[in-house]
Amino acid sequence: MSQSSSTIKNTFVELVEEPEKRFQKFVSFYCEVSFNPTYSIDKYIRSGRELLRMGNIYFSEKDFFHAFVLYTRYMTLYLQKIKSHPSYSSCDKTELNAISKEIRLNILPRTEKLRNHIKDLFAKQAKEYEEKKKYQNKGNQDLSNVPTQPDINSLQAKYTQE
């Protein structure tokens with residue numbers, strides 16, 4: 001098993017019973033992009049390239065949580081934030097058009113797949129949590145056969161089969 005889930009420290013397991021709310025909290029916490037228009041637009045373009053490069057590395061290593069976060073930040077930077085930069089009107093539009101095309105053709109579909117898989121994982125964990133609670137409520141003290149950890153391998157296997 002790779003380190004895909006253990007390297008992101010907080011996946012908001014305290015919200016395990018509400019997978020949709022948990023996912024929203026996860027996205028709002030990890031995918032925020034800070035933007036300062038006083039920095040050069042070229043710095044943001046280079047940073048975006050680095051986000052994409054690292055996202056691709058995490059994706060190739062099947063570290064889907066990190067890949068999702070970096071792809072989401074990349075899209076947020078280029079689709080929302082950079083357009084408000086004072087130098088946006090004077091920067092090289094051919095590069096920005098190529099970036100938009102890359103997002104539309106590759107990054108957005110990949111990120112959507114990752115989003116669905118992470119949501120599936122959170123839903124599966126919620127179901128396992130409910131089963132564990134039911135098992136405990138029946139007075140059973142032996143919880144050794146009740147799953148407590150997410151099955152990241154099944155998530156990775158499912159994604160790589162598609």
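Note that the coordinates shown come from a computational prediction; the quantities given were computed from them, not determined experimentally. (Residues numbered from 1 in each chain as written. Predicted model: local features only at pLDDT ≥ 70, side-chain atom pairs only at ≥ 80, totals over all residues. Heavy atoms only, no water.)

Participant: Could you clarify how one ought to interpret the overall build of the protein chain in this entry?
Facilitator: Per the secondary structure count, the protein chain includes 5 helices and 0 strands. Its helices and strands in sequence order give the protein chain the pattern α-α-α-α-α, from N to C terminus. Considering the protein chain as a whole, with its 162 residues, one finds that 35% of them fall into the buried category. Long-range contacts, defined here as pairs at least 24 residues apart, represent 73% of the contacts in the protein chain between residues at least 6 apart. (Helix = DSSP H or I, 4+ residues; strand = E, 2+ residues; numbered from the N terminus. Buried < 20%, exposed > 50% of the residue type's maximum accessible area, 1.4 Å probe, protein only. Contact = heavy atoms within 4.5 Å.)

Participant: Which parts of the structure should I look at to understand helix α2 (residues 41–60)?
Facilitator: Count 3.6 residues to each turn of an α-helix, and residues three or four apart come out pointing the same way. An ideal rise of 1.5 Å per residue puts 28 Å on 20 residues; α2 measures up with 29 Å between its terminal C-alpha atoms. Buried within α2 are the following residues: Ile41, Tyr44, Ile45, Gly48, Leu51, Leu52, Gly55 and Phe59. Buried positions in α2, seen along its axis, are confined to an arc of 115° and lie on one side of it. Its side-chain oxygen at 3.1 Å from the backbone nitrogen of Asp42, Ser40 defines the N-terminal cap of α2. (Expected span 1.5 Å × (residues − 1). Arc of directions from axis to C-beta. Polar contact = N/O pair within 3.5 Å; in protein donor to acceptor, adjacent residues only side chain to side chain.)

Participant: Looking at this structure, I do not really get the nonpolar core. What am I missing?
Facilitator: Generally speaking, nonpolar side chains in soluble globular proteins are found buried as a group. Counting residues in hydrophobic clusters, the biggest one holds 34 residues, and the most contacted among them are Phe26, Phe68, Tyr71, Tyr74, Tyr78 and Leu114. Looking at this core, the elements with two or more residues in it are α1 (19–30), α2, α3 (64–81) and α4 (93–137). If you tally residues by element for this core, the top one is α3, at 11 residues. Among all residues touching Phe68, those that are not within four sequence positions of it are Phe23, Phe26, Val27, Cys31, Thr111, Leu114, Arg115 and Ile118. (Core = buried A, V, L, I, M, F, W, Y, C linked by side-chain atoms within 4.5 Å.)

Participant: Sorry if this is basic, but what is going on with the packing of aromatic side chains here?
Facilitator: Within a pair of aromatic rings, the relevant descriptors are the distance that separates the centres and the angle that separates the planes. Applying the stated criterion across every chain yields a total of 11 aromatic pairs. Between Phe29 and Tyr30, the aromatic rings sit 4.8 Å apart at their centres with planes inclined by 85°, giving edge-to-face as the arrangement. A cation sits over an aromatic face here: Lys93 above Tyr88, 4.2 Å from the ring centre. The ring of Phe59 has Arg110 lying over it, and the distance from NZ or CZ to the ring centre is 3.9 Å. (Phe/Tyr/Trp six-rings, centres within 6.5 Å; stacked < 30°, edge-to-face > 60°. Lys NZ or Arg CZ within 6 Å of the ring centre and 35° of its normal.)

Participant: Would you take a moment to explain the packing of α1 against α3 for this structure?
Facilitator: The angle between the axes and the distance between the axes are what describe a pair of packed helices. Across the interface, α1 lies against α3 with an axial gap of 10 Å and an inter-helix angle of 60°. Classified by the interaxial angle, the pair formed by α1 and α3 is oblique. Viewed along their axes, α1 and α3 form a crossing whose handedness is right-handed. Residue-level inspection shows Phe23, Phe26, Val27 and Tyr30 of α1 in contact with α3, the latter providing Phe65, Phe68, Val69 and Arg73. Broken down by class, the residue content of the contact of α1 with α3 amounts to 7 nonpolar, no polar and 1 charged. (Axes fitted to C-alpha atoms, helices over the stretch in contact; angles between N-to-C directions. Parallel < 35°, antiparallel > 145°, perpendicular 65-115°, else oblique. Left-handed = near helix turned anticlockwise from the far one by under 90°. Nonpolar A, V, L, I, M, F, W, Y, C, P; charged D, E, K, R; others polar.)

Participant: Explain the pattern of salt bridges here, please?
Facilitator: If charged atoms from side chains of opposite charge come close, those side chains can pair. Evaluated as defined, the whole model comprises 5 salt bridges. Glu95 is paired through a salt bridge with Arg49; the nearest N and O atoms lie 2.5 Å apart. Here Glu95 is found in helix α4, whereas its partner Arg49 is found in helix α2, with 46 residues between them in sequence. For Glu95, a relative accessible area of 24% corresponds to the partly exposed category. Residue Arg49 is classed as partly exposed on the basis of its relative accessible area, which comes to 45%. (Salt bridge = Lys/Arg side-chain N within 4 Å of Asp/Glu carboxyl O.)

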